[in-house]
Amino acid sequence: MSVISRLLGRTGDAAIVIEPMRKRDVPAIMAIEQVSYPKPWTVGVFQSEIEMSRRGERHYVVARRDQKLVGYAGAMFVVGDAHVTNIAASPDARRSGVATRLLAELAWEAIRRDCQALTLEVRSSNVGAQALYRRFGFAPVGVRQKYYENTEDAIVMWCHDIAEPPYRERLAELCPEAVR
Ligand SMILES: CC(C)(COP(=O)(O)OP(=O)(O)OC[C@H]1O[C@@H](n2cnc3c(N)ncnc32)[C@H](O)[C@@H]1OP(=O)(O)O)[C@@H](O)C(=O)NCCC(=O)NCCS
C-alpha cells in the first residue's frame, strides 16, 4: 500500500465502517481467513460464533472500506474478561489501521460489558500481531507450549484495567474513530 493511500485510509477519505458480523459475510471472511492462518476456522465455526453473538455470548464485527469487507474480529466474554478469539485484515489492506480499528471496537465493547481485562493467545512466530497487541497495552504473561498443531508455542497476553480512565485515554489516542 502506498504512503498516500495509507494516509487516506487513516484520515477518513476511505473510512472504515464497522458492522456486526452476519452469516452473509462468511464467504468474504473465509477468503481472508484461508490466507491468514495455517489452520483456518471453518464456515461452521464462524456460523456458530455468529449464533452465539446473537445470544450475547460473543461479539463479532466486520470492517468495510468502500463497502468491501477488509477485516473481522471477535471476542468471547468470561467472568469479567474478554478473550479475543480472532482478528484478521485482508492482505491487501494490512498496515492501514484495519486491525487497530477492530481491536479498539472489541475493547470498547468489553468495557461496555464491565470487563476489567482483555486476553488472547498468539503464535510465538507472529511478531506482527504481537506488535499490534503491545500498542494496545497487552503484555506477555506466559507460554502454552506446543499449543498450535502440537508444534508451535502460544504466547498468552493480557491487558489489565481496561475500564480505568488511563486505558480509555489510550484507546482514544490509538483510534479516535472507535470512541464510544
Ligand atoms: C496481525 C494483523 C491482524 C494486523 O492487521 P493490520 O490491519 O495490518 O494492523 P494495523 O494496520 O492496525 O497495524 C497497527 C500496528 O500494529 C503493528 N503491526 C501490525 N502488523 C505488523 C507487522 N506485520 N509487523 C510489524 N508490526 C505490525 C504496527 O505497529 C502497526 O502500526 P504501523 O503500521 O503504523 O507501523 C494482520 O497482519 C493479519 O490479519 N494477520 C493474519 C491473521 C493474524 O495473524 N491474526 C492475529 C492472530 S493472534
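The structure presented is a predicted model; accordingly, all values stated were derived computationally and were not measured.

Participant: Even after reading the chapter, I still don't get helix α4 (residues 98-112), so can you show me in this structure?
Facilitator: Think of an α-helix as turning once every 3.6 residues; residues three or four places apart then point the same way. Along its 15 residues, α4 runs 21 Å from first to last C-alpha, staying within 8% of the 21 Å computed at 1.5 Å per residue. A large share of α4 lies buried, amounting to eleven of its 15 residues. Among all positions in α4, only Val98, Ala99, Thr100, Arg101, Leu102, Leu103, Ala104, Glu105, Leu106, Ala107 and Ala110 are buried.

Participant: Which parts of the structure should I look at to understand the sheet that holds strand β3 (residues 68-78)?
Facilitator: In any sheet, the strands associate via hydrogen bonds between backbone groups, in a parallel or an antiparallel arrangement. If you trace the seven strands from one edge of the open sheet to the other, you get β1-β2-β3-β4-β5-β7-β6, paired in mixed fashion. The sheet is open, and its two borders are formed by β1 (16-20) and β6 (139-148), each paired with just one other strand. Sheet twist, expressed as the average angle between the axes of neighbouring strands with direction ignored, equals 25°. In this sheet, strand β2 (residues 58-65) lies alongside β1 in antiparallel orientation, the contact comprising five bridges. Bridge pairing in β2 places Ile18 opposite Ala63. With respect to the sheet, α4 is in contact with β1, β2, β3, β4 (81-89) and β5 (117-123), its orientation differing from that of β3 by roughly 30°.

Participant: Would you explain the site of the ligand in this entry?
Facilitator: Around the ligand, a shell composed of 18 residues is seen, among which Ala89, Arg94, Ala99, Thr100 and Gly128 lie nearest. With five residues, the single largest contributor to the shell around the ligand is helix α5 (residues 127-135). Partitioning the shell around the ligand into residue classes produces nine nonpolar, six polar and three charged.

Participant: What is the right way to look at the pairing of β4 in this model?
Facilitator: It is a general feature of regular strands that their side chains alternate between the two faces of the sheet. Alignment of β3 against β4, held across eight bridges, turns out to be antiparallel. Bridge pairing in β4 places Ala75 opposite Val84. What sits between β3 and β4 in their antiparallel hairpin is a turn of two residues, with Val79 showing a positive phi close to 30°. Sheet topology note: the β4/β5 ladder contains three bridges and is parallel. Residue pairing in the sheet places Asp81 in a bridge with Ala117 of β5.

Participant: Quick question: what am I supposed to make of helix α3 (residues 43-54) here?
Facilitator: Taking 1.5 Å per residue, twelve residues should reach 16 Å; α3 reaches 17 Å between its end C-alpha atoms and fits that length. One or two residues past the end of α3 sits Gly56, with phi positive at roughly 85°.

Here is what the cut-offs are and how they apply
Numbers given for residues are sequential positions, taken from 1 along each chain in its written order. The model is predicted, so local features are restricted to residues of pLDDT at least 70 and side-chain atom pairs to those at 80 or more, both for listing and for counting; the totals for chains, interfaces and linings are taken over all residues. Secondary structure counts use DSSP, requiring at least four H or I residues in a row for a helix and at least two E residues in a row for a strand, with both numbered from the N terminus. In a helix, the anticipated span is given by 1.5 Å times the number of residues less one. Whether a residue is buried, exposed or partly exposed is read from the other C-beta atoms within 10 Å of its own C-beta, which are placed from the backbone; 20 or more gives buried, 12 or fewer gives exposed, and intermediate counts give partly exposed. Between any two strands, pairing holds if DSSP finds at least two bridges. Orientation is described by axes fitted as lines to C-alpha atoms, over the contacting stretch for helices, and by angles from 0 to 180 degrees between their N-to-C directions. By the convention adopted here, residues are in contact when the distance between their C-beta atoms, placed from the backbone, does not exceed 7 Å. We call a residue near a molecule or strand if the C-beta atom, set from the backbone, is within 6 Å of it. Residue polarity follows a fixed list, in which Ala, Val, Leu, Ile, Met, Phe, Trp, Tyr, Cys and Pro are nonpolar, Asp, Glu, Lys and Arg are charged, and the others, Gly among them, are polar.

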